[in-house]
Structures are given as C-alpha cells and as structure tokens.
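The residues making up each chain are set out below.
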Amino acid sequence: MSSSEESAFWTILSYLIAGLILWCGIGLLVDHFLKTNFFVLIGMAIGLGSSLYLIWVRFIRIER
Amino acid sequence: MSQPGFEPPGSGDFVFTPIFGNSILATKPVLLLFFSVILISTFFIISSRKAAVVPSKLQFAGESIYGFVRDGIGKDVIGHEFQRFVPFLFTIFTFILTNNLFGIIPLMQFPTMSHIGFPVSITIFVYLVYHYVAIKKHGLGKYLKDMCFMPGIPKPMYVLLAPLEFLTYFAIRPLTLAMRLFGNMFAGHLLLMLFTLGGEYLLGSAWFLKIFSAISFSLAIGLSFFEMGIQCLQAYIFTLLVALYIAGALADEH
Amino acid sequence: MTGTLSIVGFGLSTIGPGTATGLIFAAYISGVARQPEARSILQPIAFLGFALAEALAIFGLVLAFVLK
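Computed from a predicted structure; not experimentally measured.

Some remarks on the overall build of chain A
The number of helices and strands found in chain A is two helices and zero strands. Radius of gyration (C-alpha) of chain A: 15 Å, far over the 11 Å computed for a compact globule of 64 residues. For chain A, the C-alpha atoms occupy an extent of roughly 50 × 20 × 10 Å along the three principal directions. Among the 64 residues that make up chain A, the fraction classed as buried is 50%. Nonlocal contacts in chain A, meaning residues at least 24 apart in sequence, comprise 56% of its contacts between residues at least 6 apart. Working note: accessible area of chain A is about 3100 Å², and carbon and sulfur atoms make up 74% of it. Counting 4 positive and 4 negative side-chain charges, chain A places the centres of these two groups 12 Å from one another.

Some points on the UniProt feature "domain: V-ATPase proteolipid subunit C-like" (unreviewed entry) in chain C
Residues annotated by UniProt as "domain: V-ATPase proteolipid subunit C-like" (unreviewed entry) correspond here to residues 9-67 of chain C. As annotated, residues 9-67 of chain C comprises 90% helix and 0% strand, and the C-alpha atoms at either end are separated by 11 Å.

Some words on the nonpolar core
Residues and elements named next belong to chain B. Residues I78 and V242 are the most contacted members of the largest nonpolar core, which totals 74 residues. With 12 residues, helix α7 (residues 210-250) is the largest single contributor of residues to this core. Leave out the neighbours within four places in its chain, and V242 touches F88, L89, I92, V126 and L177. Of all hydrophobic cores here, the second largest spans six residues; its members include F14, L32, M108 and M193.

As for the pattern of salt bridges
Residues and elements named next belong to chain B. All chains considered together, the criterion is met by five salt bridges over all chains. Residues D146 and K142 are paired through a salt bridge, measuring 3.1 Å at the closest nitrogen-oxygen approach. Remark: K142 and D146 occur in helix α5 (residues 140-148); sequence separation between them is four residues, near one turn of the helix.

Some thoughts on the packing of aromatic side chains
Enumeration according to the criterion identifies 23 aromatic pairs over all chains in this entry. With 6.0 Å between their ring centres and 25° between their planes, F35 of chain B and F102 of chain B make a pair best called stacked. Placement of the pair is F35 of chain B in helix α1 (residues 28-49) and F102 of chain B in the loop between α3 (86-101) and α4 (117-138), with a sequence separation of 67 residues. Residue classification places F35 of chain B among the partly exposed positions, given a relative accessible area of 34%. Directly above the aromatic system of Y169 of chain B lies the positively charged group of R173 of chain B, at a separation of 4.6 Å from the ring centroid. If you follow R180 of chain B out to its NZ or CZ, it ends over the ring of W10 of chain A, 3.7 Å from the centre.

Some details on the environment of P8 of chain B
Looking at where P8 of chain B falls in the secondary structure, it is placed in the segment before α1. Between the alpha carbons of P8 of chain B and S48 of chain B there is a distance of 46 Å; along the sequence they are 40 residues apart.

Things to note about the environment of F14 of chain B
Residue and element names in this part refer to chain B. As for its position among the elements, F14 is in the segment before α1. Since its relative accessible area comes to 4%, F14 is described here as buried. F14 sits 117 residues away from H131 along the chain, and the two C-alpha atoms are 33 Å apart. Contact partners of F14, with chain neighbours within four places excluded, come to F110, S114, H115, F186, H189, L190 and M193.

Description of a nonpolar patch on the surface
Residue and element names in this part refer to chain B. Among the surface-exposed residues, I116, V120, I124, L128, L175 and M179 lie close enough to one another that they form a single nonpolar patch of about 520 Å² accessible area. Of all the secondary-structure elements, those providing two or more residues to the nonpolar patch are α4 and α6 (158-203). Following the sequence through the fold, L175 ends up in helix α6.

A word on the packing of α1 of chain B against α3 of chain B
For any two helices packed against each other, one specifies the crossing angle of their axes together with the interaxial distance. Residues and elements named next belong to chain B. Between α1 and α3, the least distance of the axes is 10 Å, while the angle of their chain directions is 125°. On the basis of the axis angle, α1 is oblique to α3. Handedness of the crossing formed by α1 with α3: right-handed. Together, L32, L33, S36, V37, L39, I40 and F44 of α1 and F90, T94, F95, T98 and N99 of α3 make up the contact between the two elements. Residue classes in the contact of α1 with α3 are distributed as eight nonpolar, four polar and no charged.

Regarding the interface of chain B and chain A
Each partner contributes to the interface: chain B provides 23 residues, whereas chain A provides 22 residues. At the boundary of chain B with chain A, total buried surface from both sides reaches about 2000 Å², with 75% on carbon and sulfur atoms. Inspection of the region where chain B meets chain A yields one salt bridge. With a shortest N-O distance of 3.4 Å, E165 of chain B and R58 of chain A are connected by a salt bridge. Those elements giving two or more residues to the side of chain B that touches chain A turn out to be α6 and α7 of chain B. Class assignment for the residues of the side of chain B that touches chain A results in 16 nonpolar, four polar and three charged.

Criteria and thresholds
Residues numbered from 1 in each chain as written. Chains lettered and ligands numbered in written order. Predicted model: local features only at pLDDT ≥ 70, side-chain atom pairs only at ≥ 80, totals over all residues. Heavy atoms only, no water. Helix = DSSP H or I, 4+ residues; strand = E, 2+ residues; numbered from the N terminus. Rg over C-alpha atoms; globule rule 2.2 N^0.38 Å. Buried < 20%, exposed > 50% of the residue type's maximum accessible area, 1.4 Å probe, protein only. Contact = heavy atoms within 4.5 Å. Areas by Shrake-Rupley, 256 points an atom, 1.4 Å probe, with all protein chains shown as cover. Lys, Arg positive; Asp, Glu negative; His and termini not counted. Charge placed at Lys NZ, Arg CZ, Asp CG, Glu CD. UniProt positions renumbered as here; feature names shortened; annotations may be inferred. Core = buried A, V, L, I, M, F, W, Y, C linked by side-chain atoms within 4.5 Å. Salt bridge = Lys/Arg side-chain N within 4 Å of Asp/Glu carboxyl O. Phe/Tyr/Trp six-rings, centres within 6.5 Å; stacked < 30°, edge-to-face > 60°. Lys NZ or Arg CZ within 6 Å of the ring centre and 35° of its normal. Patch = residues over 30% accessible without salt bridge, like charges linked within 9 Å, V, L, I, M, F, W, Y side chains within 5 Å. Axes fitted to C-alpha atoms, helices over the stretch in contact; angles between N-to-C directions. Parallel < 35°, antiparallel > 145°, perpendicular 65-115°, else oblique. Left-handed = near helix turned anticlockwise from the far one by under 90°. Nonpolar A, V, L, I, M, F, W, Y, C, P; charged D, E, K, R; others polar. Buried area = accessible area lost by both parts, 1.4 Å probe.

Written out as structure tokens, the structure reads:
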C-alpha cells in the first residue's frame, strides 16, 4: 500500500479514538456531577457519530 | 517459589535493579541505550570514512540504509523540501531499529523501547518538530484555522468537529505514535519470555511433558524470527508516520 | 494472576474487527491489483468499511474501561 493509504489508515483510527475519548469523557463528567448513569452512553453515541461523520467528510465524500 | 505451579511473566519482569552503584542511570535499558548510540555512530563513521567511488562492503551497507530512508521515506512522502529532514528521519530510524533489534540478540535480549519512557521522549521530540515546522511555515493562527475548520461542511457541524480535529492533532496522534511502538515491543518481549519460561518449567516436570518443552522452545526460536520482522517493521512505520506528519505540516492545506 | 475480566473481554472482542479489517484490505488489494484504474473508486469504500469495523473495536475498548 502506498503512503497515502497508510496515512489515511492511521488518521481514521485517531479520529475514532479522539471522538470516543472526548465525548465519553464529557459524559462521564456530567454523570459524576449530576449523579446519573446514562449520559456516558449518550456521549458514546455522539462521539461515534461525530467521528464517523468526520471520516465520511474527509476520506469518503471528497474523493468522489 | 512458595507455592508450586507455573508463574507467568508479567510487567514486573520489566523492572530492573541497577547493575552497579545505586543510580537509576545504571539499569540495563539505559546501558543498552548508550551502547546503541556508540554502536550506530561507530558503524556509520567507519563505513563513511573511506568513501570511494567503488564502495566497499561496509560502505555499501551504510549507504543502502541511508538511501532507503532518504528515497523510500523522505523523498516519496515529504516531497521537494525533503532534504532538510533526512538527518532527522535517519537518526530516528537507525536509533529505533537498533534498540528494537536488541530484543532478539542473545545476551542482551531486551528491546529498549519496551519501556514507555523511551518512545515517549522520541515522540515529544517529533511533536515539537512538526508543530514548529507548521507554525513557522503558516503562522499560528492560520495553522489552527486550517486544522480545525475544513471547508465544505455546514456551519453547525463545526461545533462537533473542531474540538475533534484539535484533539486528534494535539493529543491522539502523538499518543498513538508512542503507544504503537511501546505496545508492539512490550507484547513481543512478553511473548518470547512466556515461551522460554514455559519451556524451562516443563523441562523440570514429569517425563512425558518434556516433549512439550521441546515444542515450546522451538516456538520461542521461531517467534524470535517473527519478532525480528515486527521490530524492523515498527521502526519503518514510526519513521514513515513521522515523515507523514511533517508532510502534513508542510502542506498548504490538508 | 490478578486482573480485570473486562480487559479479557476486550481482547476477545477485537478478534471480530481484526478479522474484518484483514478481509476488507485483502479484497481491496486484490481489486486494485486486478484493475489499477479502479483505485479511486475502491479507496473510499475500503475506508468506509475499515472505519465501521474499527469503530466497533474502539467501542469495545471504551466499554472495557467504562463498565466496572
């Protein structure tokens, strides 16, 4: 594989990790202060959705 | 051993006591690190000292490693400004390669990079370099703007995407760079240690288990060669990703 | 031996995405090898599949740390 694919490969992985860590962290913080336990799941969904959207914008839509 | 049974190797096997004296600088990984620096500089000084048009075998070996990093990684990835970064990439490649290969050389048998401190310090250096290059070329404001706000998406989505891009560039990328090298070396060393210690333990048990001890030892030897491939590949991938990050920092827009 | 069971669960859960990633890139490589001009069409599809498969692995990683 060429280096552009290698780069895209690791960037996709980084985006997924970043999205989930960011929004799960926010969800955990909200849970901690409001004494609830479901915001972390909402955060997980938002994180996954936003990182998949970013990947779609960056690697899938533009190259068409 | 207080209780009978096999004790599997764990992260405690990666902690070394100082070989001499009481200083933390005299443990095995640090000494291997110093040894690798001496080894690399001696090899390349000797191989390039009597540079001739018709190269000797040593000169050919040195030049082919250099040519691999310069043409295969630097020129292909970074592009027309690659000449400035070749020494940096070359140093990183040879340093990581030598330190990784210590993991399977008999008597040393410890990859230095399986201590997280060493990949992290290399990564901090890389981090400073690629951000410095980008800020010097584009200026801080334009660099951040290009990074966080990519064109062609509806405005409300920036609320979701800008922090994501920022976090990716400033935290996740260097983190994965260090963790990948560390994780591969750590897991590989643990695997080799498991098969070697397992074979040793089986050798001291009942007679019919001694056959399995032979299998375990031969697997350890086979996996050593597999590990050699992984060690070279990790050094290559690390250097390639450093080159990709520098290329991304130099690009007009990504 | 001591440890957390959720880490073992995460280890097991990476088998699926690992296999999936391997299959996706195997198909991508053989497709590009057969028809090099189809690369620009195949590349986004391969990355889409990779992102979806890898999302599950990262999901497992986060769940292993969140669920106590």
